[in-house]
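A look at the structure
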Amino acid sequence: MRLLFLGDIVGRVGRNAVVQRLPGLVAEHRLDFVVINGENAAGGFGITEDILQSVLDSGADVVTTGNHVFDQREALVFAERQERFLRPVNYPAGTPGRGAGLFTARNGARVLVINAMGRVFMDSLDDPFTAIDRELAACPLGEQADAVLIDFHAEASSEKQAMAHFVDGRATLVVGTHTHVPTSDYRILSGGTAFQTDVGMCGDYDSVIGMDKEEPLRRFLRKIPGERFVPANGPATIAGLAVEVDDATGLAAAVAPLRLGGTLTEVLPSFWA
Ligand SMILES: [Fe+2]
Ligand SMILES: [Fe+2]
């Protein structure tokens, strides 16, 4: 089975790049299952239902989020009815939407997707380790799930790496999101779980984490809030991670980064050739 995870979509250029290129990637490389983090898709802040639908229509099977999930207030409503839309599982009880789901891939495999959020240098939430442990116990890899994909949305590399080791051997892939910068440590851990500390973003990298440079720079220099942050609108790079799944075990057989377009060096997974 062939999985692809794409990092946070930032603004119009990010979502246009995804919508334009994903259908071709899915068809040409026979991708069985695609997950994309969409938390910054609407002007950098949250996601609307129309944008969600366009990302799903372009070939995403599931859209995950993070701390920006409810920046567009309509998400409080559509999170309940959009089953392919996830918010962090460790939000307080009673929060609209869901943090995990079991989905069917194009090859018929059952894929458990879990979205969780870290607590280091972020808003305090319920313990993500306990929450993920609970979801894995309810739908174990190799039993009810043929693959398990975890989007751990967190600021601290330490927390993301700790989570990966915590679930090593129980998940196909743990991918970090939120920092919007791809790390080069993608690998398969000793227990068979593929991992990358952060997958990066789908957006314009000639920016400050996807935002037009002017206002972030001004705030660092002057320490006075002024204008709103707006997404940078230059050519976007699609950044993601591809995983080949060992269909016998559900663990990772190969992992490689994907970067297309924009200012970063392009790379395609060699096992897609
Ligand atoms: Fe983000
Ligand atoms: Fe975030």
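Up top is the structure these notes are about.
It should be emphasised that the depicted structure is a prediction, and the values quoted were computed from it without experimental measurement.

Remarks on the environment of M122
You can see M122 is positioned in the loop between strand 6 (110-117) and helix 4 (128-138). Between the C-alpha atom of M122 and that of E39, which follows or precedes it by 83 residues, the distance is 15 Å. In this structure, M122 is in contact with N67, M117, H153, A154, E155 and H178, ignoring residues within four places of it in sequence.

Notes on the coordination of the iron ion (ligand 2)
Geometrically, a metal with four donors at the corners of a regular tetrahedron has ideal angles of 109.5 degrees, and one with six donors at the corners of a regular octahedron has ideal angles of 90 or 180 degrees. Of the protein atoms, only E39 (OE), N67 (OD1), H153 (NE2) and H178 (ND1) coordinate the iron ion (ligand 2), at distances of 2.1 to 2.2 Å. In this structure, the iron ion (ligand 2) is surrounded by four donor atoms whose angles at the metal cover 87 to 147°, and the resulting shape is irregular. Look at where the donors of the iron ion (ligand 2) fall in the sequence and you get E-x27-N-x85-H-x24-H. A gap of 3.4 Å separates the iron ion (ligand 2) and the iron ion (ligand 1), which E39 links by coordinating each metal. On the criterion of sequence distance, the pair formed by E39 in the loop between strand 3 (33-37) and helix 2 (49-57) and H178 in the loop between strand 8 (173-177) and strand 9 (187-188) is long-range, its members being 139 residues apart. Here the two residues E39 and H178 agree in accessibility, since each one is buried.

A closer look at the sheet that holds strand 6
Ordered by their spatial adjacency, six strands build an open sheet running 5-6-7-8-10-9, and the pairing between neighbours is mixed. Here the strands that pair on one side only, and so sit at the sheet edges, are strand 5 (100-104) and strand 9. Looking at chain direction, strand 6 and strand 7 (residues 147-153) are connected through seven bridges and run parallel. Looking across to strand 7, one finds that M117 is bridged to H153. Contacts between helix 4 and the sheet are confined to strand 5, strand 6 and strand 7, with strand 6 contributing the most and set at about 165° to the helix.

Points about the side chain of Q196
With respect to the helices and strands, Q196 occurs in strand 10 (residues 194-196). With relative accessibility at 2%, the residue Q196 sits in the buried group. Among residues more than four places away in sequence, those in contact with Q196 are V174, V175, G176, P182, T183, D185, Y186 and L241.

What to know about the sheet that holds strand 12 (residues 238-245)
Taken in spatial order, the five strands make up an open sheet running 4-3-1-12-13, and their pairing is mixed. Single-partner strands in this sheet number two, and they are strand 4 (62-64) and strand 13 (252-260). Geometrically, the sheet is characterised by an average inter-axis angle of 20° between neighbouring strands, direction not taken into account. Inspection of the sheet shows strand 3 paired to strand 4 by three bridges, in the parallel sense. What sits directly across from N37, in strand 4, is T64. Helix-sheet contacts for helix 1 (residues 11-28) involve strand 1 (2-6), strand 3, strand 12 and strand 13, and the interaxial angle to strand 3 is about 165°.

A short note on the pattern of salt bridges
Evaluated as defined, the whole model comprises eleven salt bridges. A salt bridge links R2 to E244, with the nearest nitrogen and oxygen atoms 2.7 Å apart. Of this pair, R2 sits in strand 1 while E244 sits in strand 12, and the two are 242 residues apart along the sequence. The residues R2 and E244 share a single accessibility class, namely buried. Between R170 and D133 there is a salt bridge; the shortest N-O distance is 2.7 Å. Taken together, the residues R170 in the loop between helix 5 (157-167) and strand 8 and D133 in helix 4 connect sequence positions 37 residues apart. Three or more residues are tied together by salt bridges with common partners; here these are E215, R218 and R219.

So, how was this worked out
- Residues numbered from 1 in each chain as written.
- Chains lettered and ligands numbered in written order.
- Predicted model: local features only at pLDDT ≥ 70, side-chain atom pairs only at ≥ 80, totals over all residues.
- Heavy atoms only, no water.
- Helix = DSSP H or I, 4+ residues; strand = E, 2+ residues; numbered from the N terminus.
- Contact = heavy atoms within 4.5 Å.
- Donors = N, O, S within 2.8 Å, 3.2 Å for Na, K, Ca; no water.
- Tetrahedral: all angles 85-135°; square planar, octahedral: opposite > 155°, others 65-115°.
- Buried < 20%, exposed > 50% of the residue type's maximum accessible area, 1.4 Å probe, protein only.
- Pairing = 2+ DSSP bridges.
- Axes fitted to C-alpha atoms, helices over the stretch in contact; angles between N-to-C directions.
- Salt bridge = Lys/Arg side-chain N within 4 Å of Asp/Glu carboxyl O.

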